[in-house]
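Single-letter residue listing:
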Amino acid sequence: MSAPTSPGCASTDALPAWHRQTLDCVHCGLCLEACPTYGVLGTETDSPRGRLYLMRAFAEGRVDDPEAIRPHLDRCLDCRACETACPSGVRYGAILETVREELRASPTRTRTLRMKLASAWLRHVVAHVGRLRWFFRLARFAEWIGLRRLARAMRILPPEVDALLPRVPSAAERRPLPALIAAQGERRGRVAFFAGCVMESVFGEINRKTVELLASNGFEVVVPQGQRCCGALLVHDGQREPARALAAANVAAFANCEVVITNSAGCGAMLREYGELLGTAAADEFAHRCLDITAFLAREGLRETPARCEARVAYDAPCHLCHAQGVRTQPAELLKQVPGLSLVPHATSEDCCGSAGIYNLLQPSLAAAIGRRKADALATGGAELVATGNPGCMMQIAACLRAAGTPLRVVHPVELLLPPPKR
Ligand code: SF4
Ligand code: SF4
């Protein structure tokens, strides 16, 4: 880093617009305890305050080589726990995502092969619904003929990746939702459902249960067929331009829908930030129509009593639901209405599990250390089930619980809210 320049002396015209946001940080340090990477590594440069300082220095031209700060920003989960803790309202996530985009353009950029493959996979496969469906068809076939076992035996598939990935669901489980699901009983309204790319391909059955839950509670559900991936994983990776194209397609696909429901916290947080990503009134208006399924059902009220579930359940809050969307109490409010269910206290519910999109694939050892803390807290809390509403968190927590040798099972909250089947 070169000698510091007083920001007061620098021409503000030369500074990027986001620089002003870094000045909101008053260096109080109240965010440090909330930061999972600071918790594990204990270094200032891997804390929110330290990273903000590095990003401000970058904006002011005091960073000679961006590669010097990149590892600290790469190690950030973008979990935004620091935003919840910050009394000054620093918009850390927005700053980080902008800087990541700028760092991608740096000519001295060096990235590991794994990072390059992940970026290419996100841009050229995940962002295209047809290609993603083909990817999962091939992955299912490869698993069926034993290629995954072979890759595991030959150590081609890294053990931490193998441990994380669930089996590829069958074609029947992965099939897309129909365009319209009729309301059951007296109709209370009409909602649109955002299916999500990972949710459709890996947790298709949970998508089906989500629309069934809405329909059984009196809502007609439309599933616009022109919808695309939300773009969250691309934004985390600093690829905001292709994410903008996806966002524009989604705004158009849901143009006539009054309420847009998500069951994936990561997608929901992204959709609710389309206004900032696209900077248009239509995107801003769309963002205000998006709601997580738990926030929607808590607001509207459950008409049907959920099926009985005699289990002790810990609710684990996805970061992009509690920190990014401010949805905190609603999932627990709904779970308390499940007959027989006992909600057990979970002190680290709002701590990150280490998933953070594909962070656990790119930073496996740090993600595993963060995940171990989560698994330890859950294993000693007396729960039999863990409920959490984000696909990445479901996979990461399940993998960490397996690694810890605990029998806890991970479910999505909607699985516990369905009414009993009608005879
Ligand atoms: S987003 Fe999460 S990991 Fe990153 S600095 Fe904030 S609290 Fe730490
Ligand atoms: S809590 Fe907010 S103001 Fe305080 S150091 Fe952290 S980011 Fe800066």
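Residues numbered from 1 in each chain as written. Chains lettered and ligands numbered in written order. Predicted model: local features only at pLDDT ≥ 70, side-chain atom pairs only at ≥ 80, totals over all residues. Heavy atoms only, no water.

**Some points on a nonpolar patch on the surface**
For step 1, the next point in the chain: Side chains of Phe141, Trp144, Ile145, Leu147, Leu150, Met154 and Ile156 sit close together on the surface and give an oily, nonpolar patch of about 800 Å² of accessible area.
For step 2, the next point in the chain: By secondary structure assignment, the location of Leu150 is in helix 9 (residues 147-153).
For step 3, the next point in the chain: On the basis of relative accessibility, which here comes to 45%, the residue Leu150 falls in the partly exposed class. (Patch = residues over 30% accessible without salt bridge, like charges linked within 9 Å, V, L, I, M, F, W, Y side chains within 5 Å. Areas by Shrake-Rupley, 256 points an atom, 1.4 Å probe, with all protein chains shown as cover. Salt bridge = Lys/Arg side-chain N within 4 Å of Asp/Glu carboxyl O. Helix = DSSP H or I, 4+ residues; strand = E, 2+ residues; numbered from the N terminus. Buried < 20%, exposed > 50% of the residue type's maximum accessible area, 1.4 Å probe, protein only.)

**Brief notes about the state of the cysteines**
For step 1, the next point in the chain: As enumerated under the stated definition, the model contains 0 disulfides in all.
For step 2, the next point in the chain: Here Cys257 stays free of any disulfide, with the sulfur of Cys290 as its closest cysteine sulfur at 9.8 Å. (Disulfide = S-S within 2.5 Å.)

**Side note on unusual backbone geometry**
For step 1, the next point in the chain: At His27, a position not held by glycine, the phi torsion is positive, near 65 degrees.
For step 2, the next point in the chain: Tracing the chain through its elements places His27 in the loop between helix 1 (19-22) and helix 2 (36-41).
For step 3, the next point in the chain: On the accessibility criterion, His27 (42% relative accessible area) is partly exposed.
For step 4, the next point in the chain: One non-glycine residue, Asp78, adopts positive backbone phi at about 55 degrees.
For step 5, the next point in the chain: Accessibility expressed as a relative area gives 0% for Asp78, which makes it buried.

**Digging into the nonpolar core**
Grouped burial of nonpolar side chains is what soluble globular proteins tend to show.
For step 1, the next point in the chain: In this structure, Leu214, Ile261, Tyr274, Phe296 and Leu416 are the most contacted members of the largest nonpolar core, which totals 94 residues.
For step 2, the next point in the chain: Ranked by residue count, the leading element in this core is helix 24 (residues 391-403), at 7 residues.
For step 3, the next point in the chain: When neighbours within four sequence positions are excluded, Tyr274 is seen to be in contact with Cys229, Cys230, Leu246, Ala247, Asn250, Val251, Gly279, Ala283, Phe286 and Ala287.
For step 4, the next point in the chain: The next biggest cluster of nonpolar side chains, apart from the first, holds 22 residues, and it includes Leu32, Leu54, Cys76 and Cys82. (Core = buried A, V, L, I, M, F, W, Y, C linked by side-chain atoms within 4.5 Å. Contact = heavy atoms within 4.5 Å.)

**A look at the packing of aromatic side chains**
For step 1, the next point in the chain: Evaluation of the coordinates by the stated rule reveals 7 aromatic pairs.
For step 2, the next point in the chain: Note on Phe135 and Phe136: the rings are 5.3 Å apart at their centroids and 85 degrees apart in plane angle, and the pair reads as edge-to-face.
For step 3, the next point in the chain: For Phe135, a relative accessible area of 34% puts it in the partly exposed group.
For step 4, the next point in the chain: Of the aromatic side chains, those joined through ring pairs into one cluster are Phe194, Phe254, Tyr274 and Phe286.
For step 5, the next point in the chain: Of note, Arg137 hangs over the ring of Trp134, and the distance from its end group to the ring centre comes to 4.5 Å. (Phe/Tyr/Trp six-rings, centres within 6.5 Å; stacked < 30°, edge-to-face > 60°. Lys NZ or Arg CZ within 6 Å of the ring centre and 35° of its normal.)

**Notes on the domain arrangement of the chain**
For step 1, the next point in the chain: By the assigned domains, the chain splits into domain 1 (12-104), domain 2 (113-172), domain 3 (173-298) and domain 4 (305-417).
For step 2, the next point in the chain: Summarising the inter-unit geometry, the C-alpha centres of domain 3 and domain 4 are found 22 Å apart.
For step 3, the next point in the chain: Residue-level contacts link 23 residues of domain 3 with 22 residues of domain 4.
For step 4, the next point in the chain: Of the roughly 1900 Å² buried where domain 3 meets domain 4, counting both sides, 74% is carbon and sulfur surface.
For step 5, the next point in the chain: The three residues of domain 3 that bury the most area against domain 4 are Ile206, Ala265 and Thr294, which together make up 25% of that side's buried surface.
For step 6, the next point in the chain: Along the contact surface separating domain 3 from domain 4 lie 1 salt bridge.
For step 7, the next point in the chain: Among the ionic pairs, Glu415 bridges to Lys209, the shortest N-O distance being 3.3 Å.
For step 8, the next point in the chain: Counting the contacts that link domain 3 with domain 4 gives 7 residue pairs in polar contact (both at pLDDT 80 or more).
For step 9, the next point in the chain: Residue assignment for the side of domain 3 that touches domain 4 shows that the elements contributing at least two residues are helix 12 (197-202), helix 13 (204-216), helix 14 (232-236), helix 16 (265-271) and helix 19 (293-300).
For step 10, the next point in the chain: In terms of residue count, helix 19 provides more of the side of domain 3 that touches domain 4 than any other element does, 5 residues in total.
For step 11, the next point in the chain: Taken together, the residues of the side of domain 3 that touches domain 4 sort by class into 13 nonpolar, 7 polar and 3 charged. (Domains from an automatic or database assignment. Buried area = accessible area lost by both parts, 1.4 Å probe. Polar contact = N/O pair within 3.5 Å; in protein donor to acceptor, adjacent residues only side chain to side chain. Nonpolar A, V, L, I, M, F, W, Y, C, P; charged D, E, K, R; others polar.)

**Concerning the side chain of Thr37**
For step 1, the next point in the chain: With respect to the secondary-structure elements, Thr37 resides in helix 2.
For step 2, the next point in the chain: Not counting residues up to four positions away in its chain, the partners in contact with Thr37 are Gly42, Asp46, Arg51, Arg75, Leu77, Tyr359, Leu366 and Ile370.

**Describing the packing of helix 3 (residues 48-59) against helix 6 (residues 92-104)**
For step 1, the next point in the chain: One can describe the packing of helix 3 onto helix 6 by two numbers: an axis separation of 11 Å at closest approach and a directional angle of 45 degrees. Considering their axes alone, helix 3 and helix 6 lie oblique with respect to each other. Classified by chirality, the crossing of helix 6 by helix 3 is left-handed. Between helix 3 and helix 6, the residues in contact are Pro48, Arg51, Leu52, Met55 and Phe58 and Tyr92, Ile95, Leu96, Val99, Glu102 and Leu103, respectively.
For step 2, the next point in the chain: Split by residue class, the contact of helix 3 with helix 6 holds 9 nonpolar, no polar and 2 charged. (Axes fitted to C-alpha atoms, helices over the stretch in contact; angles between N-to-C directions. Parallel < 35°, antiparallel > 145°, perpendicular 65-115°, else oblique. Left-handed = near helix turned anticlockwise from the far one by under 90°.)

**Some details on the site of ligand 2**
For step 1, the next point in the chain: The immediate surroundings of ligand 2 are formed by 13 residues, with Cys25, Cys28, Gly29, Cys31 and Cys86 found nearest.
For step 2, the next point in the chain: Taken together, the residues of the shell around ligand 2 sort by class into 9 nonpolar, 3 polar and 1 charged. (Near = heavy atom within 4 Å.)

**Examining the pattern of salt bridges**
For step 1, the next point in the chain: For the coordinates displayed, the defined rule picks out 28 salt bridges.
For step 2, the next point in the chain: Glu143 is the salt-bridge partner of Arg148, the closest N and O atoms lying 3.0 Å from each other.
For step 3, the next point in the chain: When its relative accessible area of 17% is taken as the criterion, Arg148 is described as buried.
For step 4, the next point in the chain: A single salt-bridge network, built from bridges that share partners, covers Glu101, Arg240, Glu241 and Arg244.

**Thoughts on the sheet that holds strand 3 (residues 219-222)**
For step 1, the next point in the chain: In spatial order, the strands read 1-3-2-4-5; together these 5 strands make up an open sheet with mixed pairing. Each edge of the sheet is formed by a strand with only one pairing partner; in this case those strands are strand 1 (180-181) and strand 5 (290-292).
For step 2, the next point in the chain: As defined by bridge partners, strand 4 (residues 260-262) adjoins strand 5 across 3 bridges and the pair is classed as parallel. When the bridges of strand 5 are listed, Val260 appears paired with Cys290.
For step 3, the next point in the chain: Against the sheet, helix 13 engages strand 1, strand 2 (189-193), strand 3 and strand 4, with an angle of about 145 degrees to strand 3. (Pairing = 2+ DSSP bridges.)

**Quick look at the side chain of Gln325**
For step 1, the next point in the chain: Checked against the element boundaries, Gln325 lands in the loop between helix 20 (319-322) and helix 21 (330-335).
For step 2, the next point in the chain: Classification of Gln325 by relative accessible area gives buried; the value is 9%.
For step 3, the next point in the chain: A polar side-chain atom of Gln325 sits 3.2 Å from the main-chain carbonyl oxygen of His320.
For step 4, the next point in the chain: When sequence neighbours within four positions are dropped, the list of residues in contact with Gln325 reads Ala265, Gly268, Ala269, Arg272, Asp292 and His320.

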